[in-house]
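What the coordinates show
Each chain, written out:
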Amino acid sequence: MDAFGVTKPMVKSSLARLIQLEEQFYTINGMEGRAVSGSPNIIKTGLHLSAALLRTGRFSEKDVFRVWVTDEGKMVLGQKR
């Protein structure tokens, strides 16, 4: 992927299209994992953090979090203990 300058989501999209066109199943070694977005999304209802993004940290499914803003204006997500 690096040699051709393509991203994992682009490869997955092309693979899905190939499977659809040829009606045959293909796999690519190393493509099992999901691509993880490093950016949280700010939407109308609030801040959206994907489960995949949270799994990259040391968090569990039932963890409780708190969010606060520092004096410098940075938003901090902390694990409530």
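Read on for a plain summary of the structure. (Residues numbered from 1 in each chain as written. Predicted model: local features only at pLDDT ≥ 70, side-chain atom pairs only at ≥ 80, totals over all residues. Heavy atoms only, no water.)

A cluster of nonpolar side chains, namely Ile42, Leu47, Val67, Val69, Met75 and Leu77, defines an oily patch on the protein surface of about 600 Å² accessible area. Where the nonpolar patch is concerned, the elements lending two or more residues are strand E3 (65-69) and strand E4 (75-79). Among the residues examined, Val67 registers a relative accessible area of 49% and is labelled partly exposed. (Patch = residues over 30% accessible without salt bridge, like charges linked within 9 Å, V, L, I, M, F, W, Y side chains within 5 Å. Areas by Shrake-Rupley, 256 points an atom, 1.4 Å probe, with all protein chains shown as cover. Salt bridge = Lys/Arg side-chain N within 4 Å of Asp/Glu carboxyl O. Helix = DSSP H or I, 4+ residues; strand = E, 2+ residues; numbered from the N terminus. Buried < 20%, exposed > 50% of the residue type's maximum accessible area, 1.4 Å probe, protein only.)

To continue, consider unusual backbone geometry. For Glu23, which is not glycine, the phi dihedral falls at a positive 50°. Residue placement: Glu23 occurs in the loop between helix H1 (8-22) and strand E1 (41-43). Given the relative accessible area of 74%, Glu23 is considered exposed.

Turning to the pairing of E3, a few remarks are in order. Bridge analysis of E3 against E4 gives 5 bridges, and the strand direction is antiparallel. Residue pairing for E4: Val67 is matched across the bridge by Leu77. Counted along the chain from E3 to the antiparallel partner E4, the turn is 5 residues long, and its residue Gly73 has a positive phi close to 90°. (Pairing = 2+ DSSP bridges.)

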